[in-house]
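Inside the fold
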Amino acid sequence: MDINEEMKLHQWAQDMAEQKASGLSQIKWCSMKGIPVNTFRYRCKKVCLAMEEKLQENTPQNTAAVPAEAPADPPATQGPFFAKVNLTPKTYTASGINIKFHDTLVNIAPDAPDSHVRMVLEVIADAK
């Protein structure tokens, strides 16, 4: 990306932040600034795509950059916010043993020591 393109994107990101901070709708803000709404929306899309592309360059495989909510008090000069999301599927782990006794649920993990399992089973056997 050349310097002119980067400067445009930076200015457009500032415009996006200014519009959001103003509390005005895109239509009202654009009317006030003399920018056609469709032009503003095109610029917003270009900024978002450029931000996502930039984040993807620095993102490990199996993660993605997705739009996210801005912090509570973002500086007015910041543009859209993205969050990195890990896309690696979780590996399946056995759930162990689940025992329901009256209104109590006991879960024994697959890696629980034999002595713990024996103790839980003895307590359940003696329960009334």
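This write-up is about the structure you can find in this document. (Residues numbered from 1 in each chain as written. Predicted model: local features only at pLDDT ≥ 70, side-chain atom pairs only at ≥ 80, totals over all residues. Heavy atoms only, no water.)

1. A closer look at the overall build of the chain
Secondary structure assignment for the chain yields four helices and four strands. Ordered by position from N to C terminus, the α and β elements of the chain give α-α-α-β-β-β-β-α. Buried positions account for 17% of the 128 residues belonging to the chain. In the chain, the proportion of contacts linking residues at least 24 apart, taken out of those at least 6 apart, comes to 35%. (Helix = DSSP H or I, 4+ residues; strand = E, 2+ residues; numbered from the N terminus. Buried < 20%, exposed > 50% of the residue type's maximum accessible area, 1.4 Å probe, protein only. Contact = heavy atoms within 4.5 Å.)

2. A short note on the pattern of salt bridges
Once the charged atoms of two side chains with opposite charge are near each other, the side chains can pair. Counted by the stated rule, this structure contains one salt bridge. When the shortest N-O distance is used, the salt bridge between glutamate 18 and lysine 33 registers 2.8 Å. Taken together, the residues glutamate 18 in helix H1 (residues 3-22) and lysine 33 in helix H2 (residues 26-33) connect sequence positions 15 residues apart. We classify glutamate 18 as partly exposed; its relative accessible area is 34%. (Salt bridge = Lys/Arg side-chain N within 4 Å of Asp/Glu carboxyl O.)

3. What to know about the side chain of glutamine 19
Within the secondary structure, glutamine 19 sits in helix H1. Here leucine 24 takes part through its backbone oxygen, which lies 2.7 Å from a polar atom of the side chain of glutamine 19. (Polar contact = N/O pair within 3.5 Å; in protein donor to acceptor, adjacent residues only side chain to side chain.)

4. Re the side chain of aspartate 15
Along the chain, the position of aspartate 15 falls in helix H1. Despite its burial, aspartate 15 pairs with no opposite charge, the nearest such side chain being arginine 43 at 4.4 Å. Residue contacts for aspartate 15: discarding those within four places in its chain leaves Trp29, Phe40 and Arg43. (Lys, Arg positive; Asp, Glu negative; His and termini not counted.)

5. Things to note about the nonpolar core
By size, the foremost hydrophobic cluster in this structure holds eleven residues: Leu9, Trp12, Ala13, Met16, Trp29, Cys30, Ile35, Val37, Phe40, Cys44 and Val47. Put simply, the parts of the chain that give this core at least two residues each are H1, H2 and helix H3 (37-57). Contacts of valine 37, omitting those with residues within four sequence positions, involve Ile27 and Cys30. (Core = buried A, V, L, I, M, F, W, Y, C linked by side-chain atoms within 4.5 Å.)

6. Some remarks on the packing of aromatic side chains
On inspection of all chains with the given rule, the structure shows one aromatic pair. Each ring, one from tryptophan 29 and one from phenylalanine 40, has its centre 5.1 Å from the other, and the planes form 45°; the classification is tilted. Taken together, the residues tryptophan 29 in helix H2 and phenylalanine 40 in helix H3 connect sequence positions eleven residues apart. You'll find tryptophan 29 and phenylalanine 40 in the same group, each marked buried. (Phe/Tyr/Trp six-rings, centres within 6.5 Å; stacked < 30°, edge-to-face > 60°.)

7. What about the packing of H1 against H2?
Here H1 crosses H2 at 115°, and the two axes come no closer than 10 Å. Classified by chirality, the crossing of H2 by H1 is right-handed. Along its contact with H1, which presents Asp15, Glu18, Gln19 and Ser22, the element H2 presents Gln26, Trp29 and Lys33. When grouped by side-chain class, the residues that make up the contact of H1 with H2 number one nonpolar, three polar and three charged. (Axes fitted to C-alpha atoms, helices over the stretch in contact; angles between N-to-C directions. Left-handed = near helix turned anticlockwise from the far one by under 90°. Nonpolar A, V, L, I, M, F, W, Y, C, P; charged D, E, K, R; others polar.)

Honestly, that's just the spatial picture; any functional story needs more than this.
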